Amino acid sequence: MNKPVTLPLSQPTAAPKPHREKVRISDLHAFYGESHILHGIDLRVMQGELVTLLGRNGSGRSTTLRAIMKMVGRRSGSIVINGTETLDLPAHRIAHLGLGYCPEERGIFSSLNVEENLRLPPAVRSDGMTVEQIYEMFPNLYERRFSQGTRLSGGEQQMLALARILRTGANILLLDEITEGLAPVIVKRLAEVLVDLKRRGLTILLVEQNFRFAAPIADRHYVMEHGHIVEEVAAHELEAKTGLLKTYLGV
Amino acid sequence: MFDINIMALSGQLLIGLINGSFYALLSLGLAIIFGLLNIINFTQGAMYMLGAFVAWFGLDLVGLDYWAALVVAPVLVGVVGMLVQRFLLRPIANENHLYSLLLTIGLAMIIQGFFTHLYGSSGLPYAMPEALKGGFRLPFMYLPMYRAWVVVAALVVCFATWWVIEKTRLGAYLRAGTENPQLMQAFGINVPLIVTATFGFGVALAAFAGVMAAPIYSVSPEMGANLLIVVFAIVVIGGMGSIAGAILAGLLMGVIEGLTKYFYPEASSTVIFLVMVLVLMLKPAGLFGKEA
């Protein structure tokens, strides 16, 4: 059995730079009703990093993101966002620490048109993209701005779900399976968008099934299995650990 | 049967339109509450009655006139509604919806019973406001001023409510909150607060209708209970949770009831339920409801 490989979290930081560390999760357990899904997750994401959660379906990657947003049942442990402990915050306060969440099912509202969907989430920081900048980045959304949100193609809905949180000014993005079911050309476009966001200094935690999408753009990878983090792989170790990853991911 | 008396027919149509205005206000409140909270609010009739009683108390005890009552009663009753939602309904929000249904039925009976105990069931008179006395003599009928006012005021309030829900940012929060409250919270929107405020607004609409009803129907503890079952049928006809559906079905059913009163008065109290059965058979989601 592999011991979870994690960074030494208890080690005191020398300089008081709490905001360099955008996400710090320690010994996180999460439950849906009676089922115990996460068994002591430890992970952290530094400012400007793009970190992925890899693993098979049901390994607890989506639940990790949902637990951060308080969208699961009971949680225990610690989730520190931008230096603030969030475990006891009400759900609607968490986003205001600078988080933007893009759910796996995309969460486009069918009772709202594209522009209403785009403008729906309140700004959580002051320097978000304007609607004009977003339309420049995703011209398709501009053309279809008065269509019902769920009438868009899968790729357009994904762009909308992403654009929606960029407008809020969130600087920590939690993205769940954003390439799922999309055509290769759109996946390629999404990779460009993520690289661009990273260059702007945004911090990204990405749940991904598509390893070939994630590998070239990520700084680090955590591998999850059965609600544990079983491996941490830095980008430069990828080649050396390819075999290991293949065993975990079953690819 | 085809020997139509224009005077009598238009008289019944007008009465139908007025009843329809009350139906529309009450079913609109129910539809808003059902849409966002998934609660079938049986206190809506009691809140309507409370609105009328606030107007009556106001006039009798503190000299609060009709126009002030139109504002004060919805605000007061809206606050009562918010307290009910916050302290009684929120704790059981995650239970089966039957719990909230039963709770609102019980609460409605308690409120109604309390007022019956104090005031009996015979009804109290409420004076017509001076400015709305009199009427217009139209070529084919006499149109009392107050009745015209009821129809216009109800239409304005219904349309304004529809506009806020369908066209504004606040309305977008409501619509999205109906669809996926959990994601709305994750976006940083205080959904519990919106839910409480929405419940308050829904019952405030009932109180507004209650004040408008006071001068034409007498103020009595049972005035809401009698109306509520019909209003539920109307919400079903319009489509559960559909805003425009509730308004249009309310007006339409009022008119259909009025027409029935003219052509076949014996059926006038059942025709709405007949329509409901037909709608449920042919279009189960309601006339304006989205098919699941």
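The structure displayed is predicted, hence computed values, not measured ones.

Trainee: Tell me what's going on with the pairing of strand E8 (residues 203-207) of chain A, and back it up with residues and numbers.
Mentor: All names here are of chain A. The element E8 is extensively covered by neighbouring structure, given that five of its five residues are classed as buried. As judged from the four bridges shared by strand E3 (residues 50-55) and E8, these two strands associate in the parallel manner. Counted as the bridge partner of leucine 50 is isoleucine 204 from E8. Of the strand pairs in this sheet, strand E7 (residues 172-176) and E8 are connected by five bridges, and their pairing is parallel. By the bridge assignment for E8, leucine 175 is matched with leucine 206. At this point the chain moves from E7, through helix H7 (residues 184-199), to the parallel E8, and the crossover so formed is right-handed.

Trainee: Please give an account of the sheet that holds strand E5 (residues 84-85) of chain A that cites residues and values.
Mentor: All names here are of chain A. Taking strand neighbours across the sheet as the criterion, the four strands line up as E2-E1-E4-E5 in an open arrangement whose pairing is antiparallel. With partners counted over all chains shown, the strands left at the sheet margins are strand E2 (35-46) and E5, one partner each. Of the strand pairs in this sheet, strand E1 (residues 21-32) and E2 are connected by nine bridges, and their pairing is antiparallel. Paired with histidine 29 across the strands is histidine 39, a residue of E2.

Trainee: Can you lay out the sheet that holds strand E6 (residues 99-102) of chain A for me, pointing to particular residues and giving the numbers?
Mentor: All names here are of chain A. With respect to topology, six strands assemble into an open sheet ordered E6-E7-E8-E3-E9-E10, the strand pairing being mixed. The sheet terminates laterally at E6 and strand E10 (228-234), the two strands that pair on one side only. With strand direction ignored, the average angle separating the axes of adjacent strands in the sheet is 15°. Seen against the sheet, helix H6 (residues 154-167) touches E6 and E7 and runs at an angle of roughly 170° to E6.

Trainee: Any chance you could break down the interface of chain B and chain A for me, citing the residues and the numbers?
Mentor: Interfaces are often sized by the amount of accessible area the parts lose when they come together. Listed per partner, the contact involves 14 residues of chain B and 18 residues of chain A. Contributions of two or more residues to the side of chain B that touches chain A are made by helix H6 (169-179) and helix H7 (181-186) of chain B. For the side of chain B that touches chain A, a count of residues per class yields seven nonpolar, five polar and two charged.

Trainee: Mind laying out the nonpolar core, listing which residues take part and the relevant values?
Mentor: All names here are of chain B. Core analysis: the biggest nonpolar cluster contains 158 residues, and Leu25, Ala52 and Ala207 have the highest contact counts within it. Here the element with the most residues in this core is helix H1 (residues 6-37); it accounts for 15 residues. Non-local contacts of alanine 52, meaning those with residues more than four positions away in its chain, are made with Gly210, Val211, Ala213, Ala214, Val219 and Met223.

Trainee: Got a sec to walk through the environment of Ala148(B)? Specific residues and values, please.
Mentor: All names here are of chain B. Here alanine 148 is to be found in helix H5 (residues 145-167). What makes alanine 148 partly exposed here is the crowd of 16 C-beta atoms within 10 Å. Between the alpha carbons of alanine 148 and glycine 135 there is a distance of 8.6 Å; along the sequence they are 13 residues apart.

What counts and how
- Residues numbered from 1 in each chain as written.
- Chains lettered and ligands numbered in written order.
- Predicted model: local features only at pLDDT ≥ 70, side-chain atom pairs only at ≥ 80, totals over all residues.
- Buried ≥ 20, exposed ≤ 12 C-beta atoms within 10 Å, placed from the backbone.
- Helix = DSSP H or I, 4+ residues; strand = E, 2+ residues; numbered from the N terminus.
- Pairing = 2+ DSSP bridges.
- Right-handed = clockwise from strand over helix to strand, strands pointing away.
- Axes fitted to C-alpha atoms, helices over the stretch in contact; angles between N-to-C directions.
- Contact = placed C-beta atoms within 7 Å.
- Nonpolar A, V, L, I, M, F, W, Y, C, P; charged D, E, K, R; others polar.
- Core = buried A, V, L, I, M, F, W, Y, C linked by C-beta atoms within 7 Å.

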